[in-house]
Amino acid sequence: MRLPSRATAARLAASAMRMSIAVVLGVGVATLNLGVVINALFALGVTYLPALLRRDWNLRLSPRLTLLVTLSVLLHTLGMVGLYEQIQWYDHLTHTFSAMLVASVGYAATRAIDLHSDAVSFPARFLSVFLLLFTIALGVFWEVIEFAARLAADALGIQSVLVQYGLGDTILDLVFDSVGALLVALFGTERLSNLVDDIRERVLAAGAPESD
């Protein structure tokens, strides 16, 4: 029996994860849980982002990166149905995977600009530091959103659509955001080379003069 290729296996896994998110959405609708419904709908939308980028922008995410996108939103969606409360380290896991995704996108875009423009040059050490700071900055922004959502929900007397457990948990979230960024900086940059090339080609095409 011939085994599927890694790319095919990654696509099948991503499809299975998308179906799992759809099941969680159904659970949220059946239980009238607004937080689960909103997060599941958002997650489903994100899973179609790689296909939209390929269709509209000709940006081809690798099967592994597509799998990372889908896995990140699936983990968060499952967390909303109780895993955040039941498993102490689950929130740290979701933040690590989400930070890896953010760092991957940040690296690909920055590296493409570096290759495209002679006016800027980003040394390898700078890129590593940038990845860390970029990921932490977005992590802080996300924590502010979670805090604001919790305050708004308390003021309105409704269930919050995001989970926020206090200052100590926020600090730990940022620590694991840093871990995700470091993993990409150490082990993921070579795997992003195709995406970097695609972004650079799009930038070149956008800047090219139109022919008569």
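Colleague: What am I meant to see in the side chain of Ser 72 here?
Modeller: By the secondary structure assignment, Ser 72 is in helix α4 (residues 63–86). Aside from chain neighbours lying at most four places away, what touches Ser 72 is Phe 97, Ser 98 and Leu 101.

Colleague: What is the right way to read the nonpolar core from this model?
Modeller: Within soluble globular proteins, side chains that are nonpolar generally end up buried alongside one another. Of all hydrophobic cores here, the largest spans 28 residues; its most connected members are Ile 21, Leu 65, Tyr 107, Leu 195 and Ile 199. If we ignore the near neighbours within four places in the chain, the residues touching Ile 199 are Leu 59, Ala 108, Ala 109 and Ala 112. Counting seven residues, the second-largest nonpolar core is a separate cluster that includes Val 24, Leu 75, Tyr 84 and Val 163.

Colleague: Looking at this structure, how should I read a nonpolar patch on the surface?
Modeller: A cluster of nonpolar side chains, namely Leu 167, Ile 171, Leu 172, Val 175, Val 179, Leu 182, Leu 183, Leu 186 and Phe 187, defines an oily patch on the protein surface of about 850 Å² accessible area. By secondary structure assignment, the location of Phe 187 is in helix α7 (residues 167–188).

Colleague: Hey, could you run me through the layout of surface pockets in this one?
Modeller: One simple way to see leftover space: roll a probe sized like a water molecule over the atoms. Estimated volume of the largest pocket: approximately 1200 Å³. Lining the largest pocket are 47 residues, and of these Phe 42, Val 46, Ser 98, Leu 101 and Val 102 sit closest to its centre. Broken down by secondary-structure element, the contributors of at least two residues to the lining of the largest pocket are α2 (34–47), α3 (49–57), α4, α5 (90–116), α6 (124–156), α7 and α8 (193–207). Per-element tally for the lining of the largest pocket: the top contributor is α5, with eleven residues. Per-class residue counts for the lining of the largest pocket are 31 nonpolar, nine polar and seven charged. Volume-wise, the second largest pocket comes out at about 320 Å³. Lining the second largest pocket are 15 residues, with Arg 64, Leu 68, Met 100, Ser 104 and Arg 191 positioned closest to its centre.

Here is what the cut-offs are and how they apply
- Residues numbered from 1 in each chain as written.
- Predicted model: local features only at pLDDT ≥ 70, side-chain atom pairs only at ≥ 80, totals over all residues.
- Heavy atoms only, no water.
- Helix = DSSP H or I, 4+ residues; strand = E, 2+ residues; numbered from the N terminus.
- Contact = heavy atoms within 4.5 Å.
- Core = buried A, V, L, I, M, F, W, Y, C linked by side-chain atoms within 4.5 Å.
- Buried < 20%, exposed > 50% of the residue type's maximum accessible area, 1.4 Å probe, protein only.
- Patch = residues over 30% accessible without salt bridge, like charges linked within 9 Å, V, L, I, M, F, W, Y side chains within 5 Å.
- Areas by Shrake-Rupley, 256 points an atom, 1.4 Å probe, with all protein chains shown as cover.
- Salt bridge = Lys/Arg side-chain N within 4 Å of Asp/Glu carboxyl O.
- 1 Å grid on protein atoms, 1.4 Å probe; cavity = no way out; pocket = protein on both sides within 12 Å on 5 of 7 lines; lining within 4 Å.
- Points joined across faces, edges and corners; volume = space filled by probe spheres on them.
- Nonpolar A, V, L, I, M, F, W, Y, C, P; charged D, E, K, R; others polar.

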